Amino acid sequence: MSDHKEAPKEFDSKLLPILREAVEVVRMIVFKELKDHFLAICPEQADDAGRLAAGVLNDLFGVINPDPAYADFMTRNRTVIDQVLADFPTRFEKLLIPLTDTLRMQFLCDSREGLGESTEFLAQAKERGLLLDQREMPMPNNFLELIRRLGTAYGLVSPPPPAA
């Protein structure tokens, strides 16, 4: 019976870092898309485009930045950030499938690593129309393949070498 308990740990130790890395690839892609969007709609705030994109991204993934200066920035720009979140399902429709899968994988990784099992960020994403309910939870290999294709398209992941 002890062999059975070791398999999940081995599974976790090998697969979880890879899944975490895939989550980060999607976060980078969403950040890039958001930053480009802010540069286009708020050219007068070009210096803040990265922080605005980070604010939206943090809201999407349930990340809280404890820095008081960041909290002040978020308060001052809450209207803009909320509008982008409201428009996300139509403006960034091409990202809804990878975002849905990534949010679910983040939850899976968090719960497997004992980092909490809060579903609040998933519920909030669903409420905002960002979580595609009809989409089933992907198997890790399917998720990784999706992210590999997406990351390659964005130049963040090198394509696999051709088979010999």
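Residues numbered from 1 in each chain as written. Predicted model: local features only at pLDDT ≥ 70, side-chain atom pairs only at ≥ 80, totals over all residues. Heavy atoms only, no water.

### A few points about the layout of surface pockets
Logical step 1: Here the second largest pocket defines a volume of roughly 190 Å³.
Logical step 2: Lining the second largest pocket are Ile18, Glu21, Ala22, Val25, Leu144, Ile147, Arg148 and Val157.
Logical step 3: Take the lining of the second largest pocket: its biggest share by element is four residues, from helix α1 (residues 2-41).
Logical step 4: Of the residues that constitute the lining of the second largest pocket, the class distribution is six nonpolar, no polar and two charged. (1 Å grid on protein atoms, 1.4 Å probe; cavity = no way out; pocket = protein on both sides within 12 Å on 5 of 7 lines; lining within 4 Å. Points joined across faces, edges and corners; volume = space filled by probe spheres on them. Helix = DSSP H or I, 4+ residues; strand = E, 2+ residues; numbered from the N terminus. Nonpolar A, V, L, I, M, F, W, Y, C, P; charged D, E, K, R; others polar.)

### Notes on the packing of helix α5 (residues 96-112) against helix α7 (residues 140-153)
Logical step 1: It is the contact of α5 with α7, at a shortest axis distance of 11 Å, that shows an interaxial angle of 135 degrees. Judged by the angle between their axes, α5 and α7 are oblique. Every pair of crossing elements has a handedness; the one defined by α5 and α7 is left-handed. Contact with α5, carried on its side by Ile97, Pro98, Asp101, Thr102 and Met105, involves Pro140, Phe143, Leu146, Ile147 and Leu150 of α7 and no other residues of that element.
Logical step 2: In terms of residue class, the contact of α5 with α7 is built from eight nonpolar, one polar and one charged. (Axes fitted to C-alpha atoms, helices over the stretch in contact; angles between N-to-C directions. Parallel < 35°, antiparallel > 145°, perpendicular 65-115°, else oblique. Left-handed = near helix turned anticlockwise from the far one by under 90°. Contact = heavy atoms within 4.5 Å.)

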